[in-house]
Amino acid sequence: MTDHVSVCVCTYRRNNTLARLLRNLALQDTHGRFAFSVVVVDNDPSGPARAEVARLGSETGLEIAYGVEAEKGIPAARNRALRLAKGNFIGIIDDDEFPPPHWLITLYDAIRTFEVDGALGPVHPFFEQHPPDWLMKSGLYDLPQWRTGTLLQWHQTRTGNVLLKKAVFDRDGIRFDEAFRTGGSDQAFFRQAMGLGFRIIAVDEAPVYEIIPP
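A few points on the structure. Everything quoted here is computed from the prediction, not taken from an experiment.

With a phi angle near 55°, Arg13 is a residue other than glycine that sits in the positive phi range. Structurally, Arg13 can be placed in the loop between strand E1 (3-11) and helix H1 (15-25). On the accessibility criterion, Arg13 (57% relative accessible area) is exposed.

In this section: empty space enclosed by the protein. Per the counting criterion, the structure on display carries two cavities of 30 Å³ or more. Taken as a whole, the largest cavity spans an internal volume of roughly 50 Å³. Every residue lining the largest cavity is listed: Leu120, Gly121, Pro122, Pro144, Gln145, Trp146, Arg158, Ala202 and Asp204. Residue classes in the lining of the largest cavity are distributed as five nonpolar, two polar and two charged. As a volume, the second largest cavity reaches approximately 30 Å³. Listed by contribution, the elements that provide at least two residues to the lining of the second largest cavity are helix H3 (74-84) and strand E4 (89-93). Split by residue class, the lining of the second largest cavity holds four nonpolar, no polar and two charged.

Our next topic: the layout of surface pockets. Reported here for the largest pocket is a volume of approximately 390 Å³. Here the element with the most residues in the lining of the largest pocket is helix H7 (residues 185-195); it accounts for three residues. Split by residue class, the lining of the largest pocket holds five nonpolar, ten polar and nine charged. If you go around the second largest pocket, the residues you meet are Cys10, Thr11, Tyr12, Arg14, Asn43, Ile74, Asp94 and Asp95. Taken together, the residues that form the lining of the second largest pocket break down as three nonpolar, two polar and three charged.

With respect to topology, three strands assemble into an open sheet ordered E5-E10-E7, the strand pairing being mixed. In the strand order of this sheet, the two ends are held by strand E5 (97-98) and strand E7 (123-127), each with one partner. Relative to strand E10 (residues 208-212), E5 runs antiparallel, the two being bridged by two bridges. Residue Glu97 lies in a different strand from E10, and its bridge partner there is Glu210.

All right, on to the side chain of Asn24 then. The residue Asn24 is located in helix H1 in this model. Every residue in contact with Asn24, bar those within four places of it in the chain, is listed here: Phe98 and Pro99.

Quick look at the packing of aromatic side chains now. Considering all chains together, one arrives at nine aromatic pairs under this definition. Between Phe169 and Phe176, the ring centres sit 6.3 Å apart and the planes meet at 55°, which makes this aromatic pair tilted. Comparing Phe169 with Phe176, the two get one shared label, buried. Ring geometry for Phe176 and Phe189: centres 4.8 Å apart, planes at 35°, overall tilted.

Parameters and conventions
- Residues numbered from 1 in each chain as written.
- Predicted model: local features only at pLDDT ≥ 70, side-chain atom pairs only at ≥ 80, totals over all residues.
- Heavy atoms only, no water.
- Helix = DSSP H or I, 4+ residues; strand = E, 2+ residues; numbered from the N terminus.
- Buried < 20%, exposed > 50% of the residue type's maximum accessible area, 1.4 Å probe, protein only.
- 1 Å grid on protein atoms, 1.4 Å probe; cavity = no way out; pocket = protein on both sides within 12 Å on 5 of 7 lines; lining within 4 Å.
- Points joined across faces, edges and corners; volume = space filled by probe spheres on them.
- Nonpolar A, V, L, I, M, F, W, Y, C, P; charged D, E, K, R; others polar.
- Pairing = 2+ DSSP bridges.
- Contact = heavy atoms within 4.5 Å.
- Phe/Tyr/Trp six-rings, centres within 6.5 Å; stacked < 30°, edge-to-face > 60°.

Printed below as a string of structure tokens:
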């Protein structure tokens with residue numbers, strides 16, 4: 001059976017950055033080793049991204065499943081995306097990020113090479129305008145990075161750039177805790193997953209870029 005990656009994206013009134021993300025996902029080079037599709041979950045009950053997603057699906061040729069999650073909060077939206085996902089691998093990326101063409105294949109190969117359950121890449125800032133020097137020197141946007149193959153602890157995790165085997169979600173039915181409405185559900189999820197014995201590594205060569213507006 002050919003592996004299939006479902007790339008899950010939760011969005012809320014960010015059609016411009018969502019469009020950039022979907023166009024970059026369409027450029028992913030899988031080397032023919034797996035198939036992938038995209039799941040977009042709109043966390044606005046009015047569904048403002050619906051038409052844009054349909055247009056970009058036609059423009060790029062991406063297979064995109066679109067859904068609406070009326071319950072406000074990122075954990076509810078992520079769980080809705082998991083219900084729509086059909087792959088045996090789950091990728092998660094934010095709607096204000098975009099990946100280079102080698103993103104998915106690098107995470108996928110790392111999981112296979114290191115024989116682990118998931119791989120997490122770094123998130124680098126992408127400034128729409130050149131930032132002032134004092135901001136760059138402050139280190140405000142410098143997120144932690146780890147050498148490729150480093151086995152991560154739950155407190156080192158996040159969901160802005162990660163690929164996981166679907167078994168991480170399915171074996172014991174763990175999901176993102178919807179009690180964490182404004183943050184923290186990602187690390188709570190990884191804490192539970194790692195407590196069950198699942199292993200997640202860092203992959204420094206698989207970055208994504210977070211758009212930082214002025």
